[in-house]
Amino acid sequence: LNGLLSELGLWNGAMPVLRSRFRVLRLDGRGQGRSDAPEGKAYTPGQGAEDLWELLQLLGLERPWLAGLSHGAHLALELLVRRPGAFAGAVLVSAQPCVDLAMELRLRHWLHCLELGGPLLQFEAAAPELWGQGFLERRYALLRAHHASVMGGAPRPGEDPWRGLRRQVEGALAWDVRARMASIQAPVLLLCGAEDPLAPPWKALACAQRIRGSRLEVLPGIGHAFPVEDPRGFATRLLEFVDEVES
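Residues numbered from 1 in each chain as written. Predicted model: local features only at pLDDT ≥ 70, side-chain atom pairs only at ≥ 80, totals over all residues. Heavy atoms only, no water.

(A) Fine view of the overall build of the protein chain. A count of helices and strands for the protein chain gives nine helices and four strands. Mapped in sequence order, the helices and strands of the protein chain form the string α-α-β-α-β-α-α-α-β-α-β-α-α. Taken over the C-alpha atoms alone, the protein chain extends approximately 55 × 40 × 35 Å along its principal axes. Residue pairs in contact within the protein chain that sit at least 24 positions apart in sequence constitute 74% of those at least 6 positions apart. When the accessible surface of the protein chain is summed, it comes to about 11,800 Å², and 53% of that surface belongs to carbon and sulfur atoms. Taken together, the 27 basic and 28 acidic charged side chains of the protein chain have centroids lying 3 Å from each other. (Helix = DSSP H or I, 4+ residues; strand = E, 2+ residues; numbered from the N terminus. Contact = heavy atoms within 4.5 Å. Areas by Shrake-Rupley, 256 points an atom, 1.4 Å probe, with all protein chains shown as cover. Lys, Arg positive; Asp, Glu negative; His and termini not counted. Charge placed at Lys NZ, Arg CZ, Asp CG, Glu CD.)

(B) Spatial organisation of the nonpolar core. Of all hydrophobic cores here, the largest spans 71 residues; its most connected members are Leu92, Trp131 and Phe234. Once residues lying within four places of it in the same chain are set aside, the contact partners of Leu92 are Gly68, Ala73, Ala76, Leu77, Val188, Leu189, Leu190 and Leu191. (Core = buried A, V, L, I, M, F, W, Y, C linked by side-chain atoms within 4.5 Å. Buried < 20%, exposed > 50% of the residue type's maximum accessible area, 1.4 Å probe, protein only.)

(C) Quick look at the layout of surface pockets. Its volume calculated, the largest pocket comes out at about 810 Å³. Lining the largest pocket are 38 residues, with Ser6, Leu10, Trp131, Ala225 and Val228 positioned closest to its centre. Every element with two or more residues in the lining of the largest pocket is listed here: helix H3 (71-82), helix H4 (101-130), helix H5 (133-151) and helix H8 (226-229). The element best represented in the lining of the largest pocket is H5, accounting for eight residues. For the lining of the largest pocket, the class distribution of residues is 22 nonpolar, 12 polar and four charged. Looking at the second largest pocket, its volume works out to about 540 Å³. Taken together, 22 residues line the second largest pocket, and the ones lying closest to its centre are Arg23, Val24, Leu25, Trp65 and Leu66. Mapped by element, the contributors of at least two residues to the lining of the second largest pocket are helix H1 (15-19), helix H2 (45-59), strand S1 (65-69) and helix H9 (231-246). (1 Å grid on protein atoms, 1.4 Å probe; cavity = no way out; pocket = protein on both sides within 12 Å on 5 of 7 lines; lining within 4 Å. Points joined across faces, edges and corners; volume = space filled by probe spheres on them. Nonpolar A, V, L, I, M, F, W, Y, C, P; charged D, E, K, R; others polar.)

(D) Structural detail: the environment of Cys192. Tracing the sequence through the fold places Cys192 in strand S3 (residues 188-193). With relative accessibility at 0%, the residue Cys192 sits in the buried group. In this structure the C-alpha to C-alpha distance between Cys192 and Leu130, which are 62 residues apart in sequence, comes to 12 Å. Sequence-distant contacts of Cys192, that is, excluding residues within four places in its chain, are made with Ala199, Pro200, Pro201, Ala204, Leu216, Glu217, Val218 and Leu219.

(E) Region of interest: the packing of aromatic side chains. Tallied over the entire structure, the rule returns six aromatic pairs. Aromatic side chains Trp11 and Phe234 sit 5.8 Å apart centroid to centroid with 45° between the ring planes, which places their arrangement in the tilted category. With a gap of 223 residues between them, Trp11 in the segment before H1 and Phe234 in helix H9 connect regions that are remote in the sequence. Taking relative accessible area as the criterion, Trp11 reaches 5% and is therefore assigned buried. (Phe/Tyr/Trp six-rings, centres within 6.5 Å; stacked < 30°, edge-to-face > 60°.)

(F) Local environment of the packing of H2 against H3. Between H2 and H3, whose axes approach to 8 Å, the crossing angle comes to 70°. Classified by the angle between their axes, H2 and H3 sit roughly perpendicular to one another. For the element pair H2 and H3, the recorded crossing hand is right-handed. On the side of H2, the interface is formed by Pro45, Gly46, Gly48, Ala49, Glu50, Leu52 and Trp53, while H3 contributes His71, Leu75, Glu78, Leu79 and Arg82. (Axes fitted to C-alpha atoms, helices over the stretch in contact; angles between N-to-C directions. Parallel < 35°, antiparallel > 145°, perpendicular 65-115°, else oblique. Left-handed = near helix turned anticlockwise from the far one by under 90°.)

(G) Up close: unusual backbone geometry. The backbone of Arg63 sits at a positive phi, close to 45°, despite the residue not being glycine. Among the secondary structure elements, Arg63 is positioned in the loop between H2 and S1. Accessibility expressed as a relative area gives 47% for Arg63, which makes it partly exposed.

(H) Here's a closer look at the environment of Gly223. On the secondary structure map, Gly223 appears in the loop between strand S4 (215-219) and H8. Gly223 gets classed as buried once you look at its relative accessible area, which sits at 1%. A C-alpha to C-alpha distance of 9.3 Å links Gly223 and Pro128, two positions 95 residues apart in sequence. Setting aside its immediate chain neighbours within four residues, Gly223 contacts Ser94, Leu130, Trp131, Gly132, Gly193, Glu195, Asp196 and Glu229.

These results come straight from atomic positions and should not be treated as a statement about function.
Here you go:
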């Protein structure tokens, strides 16, 4: 499950390892990647969770594992609290139990940058908070070019090219799952980058304290996007956790 400023390509590096063991379902949610950006109300994590649940039912998938990054982890938490017992487990990266004021201000700032200067200005505002320092220094130019490609070029007259992202951000601003997390029954592994300023370890700890039997691991040298910064390391740790749970 993708983060807000991403699309399903973020999992590309992890796919060879994951596909060696699993049938993997990736998807772009409303307003992401190649998916439509419907007009109307904001796209809340709850709506995203129900969209995914409907898709899982249509595909006939029973008790799948969930993996999510950031906003995708929030969608996974919504599924876990709404459908207790329906999932075999979850591996959640850079999760937090609510969007607090600091996060709300960041999201509004990124959206404002997008509307003022397009995807590259928005990238410059977000980049220092998305990746660990070493990874950003090594991959800055590539990350910048990829972001511009994914977000698209200049809009045509009369278009609203940022509606999808705007609706995602608007839907996320009031999100808060803290009061419902005690209902989660599935095994959960929480992975947090030691260099993550968006969802620092203390926010991941706030999740772990509310999920009975969950495990929290802090990753040295990693920022907000473990599956991008070290895709093989992410996929390997996910498989190890699955094996631990199922053994």
